[in-house]
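One letter stands for each residue in the lines below.
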Amino acid sequence: MNQKTVLITGCSSGIGLALAVRIANDEKKRFIVYATMRNLGKAEALVEAAGRTLGKTLMIKQLDVCNEDSIKACVASLPDGKLDILISNAGMGLVGPIECQSMEEMKAVMDTNFFGLVRLLKEILPDMKKRKSGHIVVISSVMGIQGILFNDIYAASKFAVEGFCESMAIQAMRFNLNISLIEPGPVVTEFEQKVYEEAMKTDLSKADKMTADMFTNIYMKNSKQIYESLGQTPEDIAEHTHKIITMDNPPFRHQTNTLYTPMTTLKYADPNGDLPIDTFYKMVFEHDKVFNASLNFVKLLRWRTRKSFTIDKDKSNS
Ligand SMILES: NC(=O)C1=CN([C@@H]2O[C@H](COP(=O)(O)OP(=O)(O)OC[C@H]3O[C@@H](n4cnc5c(N)ncnc54)[C@H](OP(=O)(O)O)[C@@H]3O)[C@@H](O)[C@H]2O)C=CC1
Ligand SMILES: CC1=C(/C=C/C(C)=C/C=C/C(C)=C/C=O)C(C)(C)CCC1
């Protein structure tokens, strides 16, 4: 059988790990997954989750998206240097007032989230073009469509990714290549915890009191609520992405969270761009009680659905 080779970046945790496991377990064994990570010392969780697929449909390799030599070495080590599907997933977050962030921190986000993708494509595009075959899948974000309070640099990095892919997609079409942007809303992974821990270390004395209060008392609280009420699992994102890579005509953009789409739709509903900004402003500064009550309601509904599922499963086991 002609199996497709899939290379995924950032597989030590979260979405990357779930993607590697899901695709390696494809029901029809259509894929050989090269699950990569920058630090092989962190492979334990993936090795455990991979189970019997390890060494069969799932191989683990080193790849740091910030290091050209590491990308070249990894691609060169693939059988015939041939890649059918690239899933660019490695990424990092950054939240807080820009007054409190160093240029180094900001550049690290752009270097990983945006230039990481550019470095990968510089390496793999020539061969895909030559063969006139390939699919580039990028784990973007709803923040690639819409900026969110205190995510200025992270959103900018995902906007850069989206602008880059939108431009590239036209050229790609000429070579019969597909590009797909996967746009998750909040996903419960180490990402949230890492961003939260970094935010807690932020020296807020560099910002004025109003900004510092807004960050701590409005953004941090609301953000926690958003993850709890609308958060998806990395397995959800893996399932969506698996569907996209098995389609004959994969879409250019795919949002994974239907609970979040009312927010992103605001962007497309007003060419002046004021509607999402006014709405987000009102949600947090004027109608915060209604906003929080709605999120709590969604959380309760989702919790009840999960609970009844568990009860049904338990019943069927007894
Ligand atoms: N969680 C969320 O709410 C959302 C996340 N996303 C996007 O999903 C992607 C995955 O994030 P998620 O799984 O949530 O977060 P995790 O923090 O769990 O995973 C991030 C992965 O990226 C890796 N990584 C970071 N820098 C590099 C690098 N230079 N080279 C190779 N790998 C690197 C990390 O490796 P290491 O362990 O070595 O640090 C880790 O494996 C990111 O692009 C993120 O922007 C999109 C929407 C929502
Ligand atoms: C929707 C929304 C908010 C927060 C959204 C968040 C926190 C989204 C997180 C998305 C992630 C983590 C994407 C990762 O790429 C605010 C600011 C509370 C204001 C009101 C509307």
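Report on the accompanying structure. Just so it is clear, the structure is predicted and the values come from calculations on it, not from any experiment.

**What about the overall build of the chain?**
(1) Moving on: Of regular secondary structure, the chain possesses 12 helices and seven strands.
(2) Moving on: Taken over C-alpha atoms, the radius of gyration comes to 20 Å for the chain, in line with the 20 Å a tight globule of 318 residues would show.
(3) Moving on: Overall, the chain is about 60 × 55 × 40 Å in size when its C-alpha atoms are taken along their principal axes.
(4) Moving on: Counting only residues that meet the buried cut, the chain has 46% of its 318 residues in that class.
(5) Moving on: In the chain, the share of contacts with a sequence separation of at least 24, taken over all contacts with a separation of at least 6, comes to 76%.
(6) Moving on: Entry remark: accessible area of the chain is about 16900 Å², with carbon and sulfur atoms responsible for 57%.
(7) Moving on: Separation between the mean location of the 39 positive side-chain charges and that of the 38 negative ones in the chain comes to 6 Å.

**Considerations on the site of ligand 2**
(1) Moving on: In the vicinity of ligand 2, 15 residues are found, and the nearest of them are Ser141, Tyr154, Asn222, Tyr227 and Tyr260.
(2) Moving on: One of the side-chain nitrogen or oxygen atoms of Ser141 is found 2.6 Å away from an oxygen atom of ligand 2.
(3) Moving on: Separating an oxygen atom of ligand 2 from a side-chain N or O atom of Tyr154 is a distance of 2.6 Å.
(4) Moving on: Within the complex, the protein chains bury 96% of what would otherwise be the 540 Å² of accessible surface of ligand 2.
(5) Moving on: Taken together, the elements giving at least two residues each to the shell around ligand 2 come down to helix 8 (209-230) and helix 11 (274-285).
(6) Moving on: The element contributing the most residues to the shell around ligand 2 is helix 8, with four residues.
(7) Moving on: Split into classes, the residues belonging to the shell around ligand 2 amount to 13 nonpolar, two polar and no charged.

**Quick word on the site of ligand 1**
(1) Moving on: In the vicinity of ligand 1 there are 30 residues, among which Ser12, Asn89, Tyr154, Thr189 and Lys194 approach most closely.
(2) Moving on: At 2.9 Å, a side-chain N or O of Asp64 approaches a nitrogen atom of ligand 1.
(3) Moving on: Alone, ligand 1 offers 900 Å² of accessible surface; in the complex the protein occludes 97% of this.
(4) Moving on: Ranked by residues supplied to the shell around ligand 1, first place goes to helix 7 (residues 190-201) with three residues.
(5) Moving on: Of the residues belonging to the shell around ligand 1, the class tally is 13 nonpolar, 11 polar and six charged.

**Observations concerning the packing of aromatic side chains**
(1) Moving on: One pass over the structure, following the stated rule, counts seven aromatic pairs.
(2) Moving on: Of the aromatic side chains, those joined through ring pairs into one cluster are Phe114, Phe115 and Phe164.

**Focus on the environment of Gly185**
(1) Moving on: Within the secondary structure, Gly185 sits in the loop between strand 6 (178-183) and helix 7.
(2) Moving on: Overall, the relative accessible area of 12% leaves Gly185 in the buried class.
(3) Moving on: Sequence separation between Gly185 and Ile237 is 52 residues, and the spatial gap between their C-alpha atoms is 9.8 Å.

**Focus: the side chain of Thr9**
(1) Moving on: By the element assignment, Thr9 lies in the loop between strand 1 (4-8) and helix 1 (14-24).
(2) Moving on: Discounting chain neighbours no more than four positions away, the residues touching Thr9 are Gly16, Thr36, Leu63, Val65, Ile87, Ser88, Asn89, Ala90 and Leu120.

**Side note on helix 5 (residues 115-131)**
(1) Moving on: Over its 17 residues, helix 5 runs 25 Å from end to end, which matches the ideal 24 Å to within 8%, given 1.5 Å per residue.
(2) Moving on: Approximately 40° is the largest bend angle found in helix 5, and it occurs at Ile124, with the proline Pro126 only one to four residues beyond.
(3) Moving on: Listing the buried residues of helix 5 in full gives Gly116, Leu117, Val118, Arg119, Leu120, Leu121, Ile124, Leu125 and Met128.
(4) Moving on: The secondary structure elements touched by the buried residues of helix 5 are helix 3 (68-76), strand 4 (85-88), helix 4 (103-113), strand 5 (135-139) and helix 6 (152-174).
(5) Moving on: Following helix 5 by one or two positions, Lys132 has its phi on the positive side, about 50°.

**Some details on the nonpolar core**
(1) Moving on: In terms of nonpolar packing, the biggest core is built from 30 residues, with Leu7, Leu86, Leu121, Ile124, Ile136, Phe164 and Cys165 touching the most fellow members.
(2) Moving on: Of all elements in the fold, only strand 2 (31-37), helix 3, helix 5, strand 5, helix 6 and strand 6 reach the threshold of two or more residues within this core.
(3) Moving on: Apart from residues lying up to four places away in sequence, Leu86 is in contact with Leu7, Leu120, Leu121, Ile124, Met128, His135, Ile136 and Val137.
(4) Moving on: Phe31, Ile85, Ile237 and Ile244 belong to the second-largest nonpolar core, a separate cluster that totals 29 residues.

Reading guide: rules and limits
- Residues numbered from 1 in each chain as written.
- Chains lettered and ligands numbered in written order.
- Predicted model: local features only at pLDDT ≥ 70, side-chain atom pairs only at ≥ 80, totals over all residues.
- Heavy atoms only, no water.
- Helix = DSSP H or I, 4+ residues; strand = E, 2+ residues; numbered from the N terminus.
- Rg over C-alpha atoms; globule rule 2.2 N^0.38 Å.
- Buried < 20%, exposed > 50% of the residue type's maximum accessible area, 1.4 Å probe, protein only.
- Contact = heavy atoms within 4.5 Å.
- Areas by Shrake-Rupley, 256 points an atom, 1.4 Å probe, with all protein chains shown as cover.
- Lys, Arg positive; Asp, Glu negative; His and termini not counted.
- Charge placed at Lys NZ, Arg CZ, Asp CG, Glu CD.
- Near = heavy atom within 4 Å.
- Polar contact = N/O pair within 3.5 Å; in protein donor to acceptor, adjacent residues only side chain to side chain.
- Nonpolar A, V, L, I, M, F, W, Y, C, P; charged D, E, K, R; others polar.
- Phe/Tyr/Trp six-rings, centres within 6.5 Å; stacked < 30°, edge-to-face > 60°.
- Expected span 1.5 Å × (residues − 1).
- Bend = angle between axes of the 7 residues up to and from the residue.
- Core = buried A, V, L, I, M, F, W, Y, C linked by side-chain atoms within 4.5 Å.

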